[in-house]
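# Results of the structural survey
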Amino acid sequence: MVEPILDVKDLDVSFTFPDGQYKAIDSLSFTVHSNEVVGIVGESGCGKTLTSLAIMGMLPDNASITNGSICFRHKRHLVSLSEKEWQSIRGRAISMIFQEPMTALNPVYPVGKQISEVLIKHTKQSRKAIKEQTIQLMKQVGLPRAEALYHSYPHQLSGGMRQRIVIAMALIGEPDLIIADEPTTALDVTIQSQIIQLFRKLKQEKKVSMLFISHDWGVLSQVCDRVLVLYAGQLVETGPISRLVDEPLHPYTKGLIRSIPDRAKRGEPLYTIPGRVPPLKERHRGCPFYDRCRERMEICRTVRPKTVNIKEQMVQCHLYTEEMDVPSS
Amino acid sequence: MRYIIYKLSTFIVTIALVSLIVFSVFQVLPGRPAQTILGIDADEQQVAQLEKELGLDQSLWEQYISWISGLFSGDLGESLKYQQPVIDILLDRIPVTFSLAMLSIVLTALIGIPLGIFIARTDGKWVSTILSMLTQLGIAIPSFWFGFILILLFSVTFKLFPSNSYVPWSEDFFGALQSFFLPALALALSNIAIMIRYLRNTILDQMKMDYVRTAKCKGLSERWIVYRHILRNAFIPILTIFGMIIADTLGGSIIIENVFSLPGLGSLLIQSISARDFPLVQSMVLYIAVLVVFINFLVDLLYKVIDPRIRLKG
Ligand SMILES: Nc1ncnc2c1ncn2[C@@H]1O[C@H](COP(=O)(O)OP(=O)(O)OP(=O)(O)O)[C@@H](O)[C@H]1O
Ligand SMILES: [Mg+2]
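Residues numbered from 1 in each chain as written. Chains lettered and ligands numbered in written order. Predicted model: local features only at pLDDT ≥ 70, side-chain atom pairs only at ≥ 80, totals over all residues. Heavy atoms only, no water.

## With respect to the environment of R304 of chain A
Residues and elements named next belong to chain A.
- Summarising the element assignment, R304 is placed in the loop between α12 (298-302) and β11 (307-310).
- Among the residues examined, R304 registers a relative accessible area of 29% and is labelled partly exposed.
- Taking C-alpha positions, R304 is 8.5 Å from Q316, a pair spaced 12 residues apart along the chain.
- Contact partners of R304, with chain neighbours within four places excluded, come to D26, S27, Q234, R285, G286, Q316 and H318.
- Here the side chain of R304 touches D26 through a polar contact of 2.8 Å, side chain to side chain. (Helix = DSSP H or I, 4+ residues; strand = E, 2+ residues; numbered from the N terminus. Buried < 20%, exposed > 50% of the residue type's maximum accessible area, 1.4 Å probe, protein only. Contact = heavy atoms within 4.5 Å. Polar contact = N/O pair within 3.5 Å; in protein donor to acceptor, adjacent residues only side chain to side chain.)

Written out as structure tokens, the structure is:
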């Protein structure tokens, strides 16, 4: 099997508060392979952003990695790097795309320069070559009149154009991995589908590998190969996107799929999973979803379920056992 | 262009209002200038005679009009005390105050901006904490007190600077610089403290912004982020604080000039008020007011040059 680009193993991320340490990410393991787009889905507060910040080495001051490892290209351990080493990785080896393209850009800095400074930082090319390369890439991500746009300021661009700038910024260093944190959520529907098309094109033409965070199963199914379902900082299910949509195993995934707005059921009230993600300080040792689960059993309250492989899916739930595993040949 | 016209008309209206206020205030002040000139012994007839000569017997409106029309032709009237055209006296004094204020503002920028950046970048470390405490002191202590301390330290104890010998630029450049340095520093100290605190807070606020997180994700160093990204955004707040500091410096120079016996507008103002030299005082107050309004006008225009968001909206 090919070595993964990103290999996260047993990752714990904890917040330190005056009254103690609380785990926000709990034994998270997953991989991203070359030219693979892996989605992360989960309700607000599940730890999606925290996971990406941990990979970028940009956790907030009161958070730290307390266990596990993040291996990048199977040699670099992205834990305990110096700030200098991080700087050589960010933008060049791993880059990030954010949700809100207006605030993600510096309002008083020309957008072209905001893209090209990645190359100024990471390469030794001449300024002229860098500018040419930037304009070239701006055209590739679908920005018209790139030469003129190079000198524009963010407020002069539409939301969709700004997000294309942010995407160009993430691409220009030709990173091995791009992390996109809800890159389409802030955009309106037509622009959203254009940006999704762009991501699909990038996957095909530029062979990018991505970690793609989204709430939206529609978006995920268009761009992702595999999806990780995160709940309260734990990975509860993963598998190919089509499997998860058609045959979700974990009661949480089932709930998420059920709450997708469906044209056929127009007029009916939208299903929502009752309850909410437990806050950091109220997480207990059993199954994290116990409080809200419709299929819970006594064992779920006290015992953390093991990960079980079922066909191409992996699920962390007491409803399933290894015996049910049908090995995929 | 619309923006400039708008700002320009506000500027003109403000000046007109200021001139009216300045004029009225001095009509309300007690005391008759003619009496002051002639002395207590002069009788009513002599005073009335002099008032007629000076045009002080006309209606207030006529006096205002003739004052304003004089202003436009460069004729600010004649000083009652010095018996000299006001304009000559002012032209004599302005360079002194101007040099003092300029030097003080340059000192504020040269010391305040780097220290503000330094404190922001070392936030949380003990150097930063100590400097922050010092800035509290700097703001609390009035400039004339700094003036006394500096005289005591550098002029009396170490004899490095003269304390009250004014040397004009035309005579001796370094001598002039020496005579301006201490008063300019005294005037600058609290502004430096304000600048440091303000810049520190601005930079720390900016550091929390999303665009800084984006910049970090590109692998840029903190130094690059502070100088290329944050300072660009901090420039507009810095400009605002500079507008305020300049106005403050003009006011502060009145006292500092008296502490250091510099023959500038400040010392002149105090002398002419006690002498009830209204034409002189009026022109000076108007001059200072116009200057402050003009600086604000300039700051507004500079915003437009610097901030692309305003530049393109207008
Ligand atoms: N700076 C912080 N201080 C304290 N707790 C935090 C901080 N940042 C995040 N958390 C907590 O960590 C958990 C995970 O947060 P995270 O931002 O990763 O959620 P998310 O899955 O990205 O949610 P969303 O969909 O709203 O973006 C949440 O419970 C949140 O309350
Ligand atoms: Mg998030």
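Structure's up, so let's keep going.
## Quick word on the interface of chain A and chain B
- Taken together, the contact pairs 26 residues of chain A with 21 residues of chain B.
- Both sides together, the interface formed by chain A and chain B hides about 2200 Å², and carbon and sulfur atoms give 61% of it.
- The largest contributions to the chain A side of the interface with chain B come from F98, V108 and E117 of chain A, which together make up 24% of the buried area.
- Across the pair E117 of chain A and K218 of chain B runs a salt bridge, and its minimum N-O distance is 2.7 Å.
- Where chain A packs against chain B, one counts 12 residue pairs in polar contact (both at pLDDT 80 or more). (Buried area = accessible area lost by both parts, 1.4 Å probe. Salt bridge = Lys/Arg side-chain N within 4 Å of Asp/Glu carboxyl O.)

## Concerning the nonpolar core
- Ranked by size, the top nonpolar core spans 123 residues in total, and within it I94, F212 and W217 of chain A carry the most contacts.
- With 10 residues, helix α10 (residues 222-259) of chain B is the single largest residue contributor to this core.
- Every residue in contact with W217 of chain A, bar those within four places of it in the chain, is listed here: V41, V227, V229, I241, L244, V245, T253, L256, I257 and I260 of chain A. (Core = buried A, V, L, I, M, F, W, Y, C linked by side-chain atoms within 4.5 Å.)

## What about the site of ligand 1?
Residue and element names in this part refer to chain A.
- Around ligand 1 sit 16 residues, and of these S44, G45, K48, T49 and L50 come closest.
- Note that an oxygen atom of ligand 1 is positioned 2.8 Å from one of the backbone N or O atoms of G45.
- Contact between ligand 1 and L50: an oxygen atom at 2.8 Å from a main-chain N or O atom of the residue.
- If ligand 1 stood free it would expose 640 Å²; the protein chains cover 67% of that surface.
- Listing elements by their share of the shell around ligand 1, those giving two or more residues are β1 (6-17) and α1 (48-56).
- Ranked by residues supplied to the shell around ligand 1, first place goes to α1 with three residues.
- Looking at side-chain class alone, the shell around ligand 1 contains six nonpolar, six polar and four charged residues. (Near = heavy atom within 4 Å. Areas by Shrake-Rupley, 256 points an atom, 1.4 Å probe, with all protein chains shown as cover. Nonpolar A, V, L, I, M, F, W, Y, C, P; charged D, E, K, R; others polar.)

## Notes on the UniProt feature "transmembrane region" (unreviewed entry) in chain B
Residues and elements named next belong to chain B.
- Per the UniProt annotation, the sites labelled "transmembrane region" (unreviewed entry) are residues 12-29, 98-119, 131-156, 176-199, 234-256 and 284-303.
- In residues 98-119, helix accounts for 100% and strand for 0%; the two terminal C-alpha atoms are 31 Å from one another.
- Structurally, residues 284-303 is divided into 100% helix and 0% strand, and its ends, taken at the C-alpha atoms, are 29 Å apart. (UniProt positions renumbered as here; feature names shortened; annotations may be inferred.)

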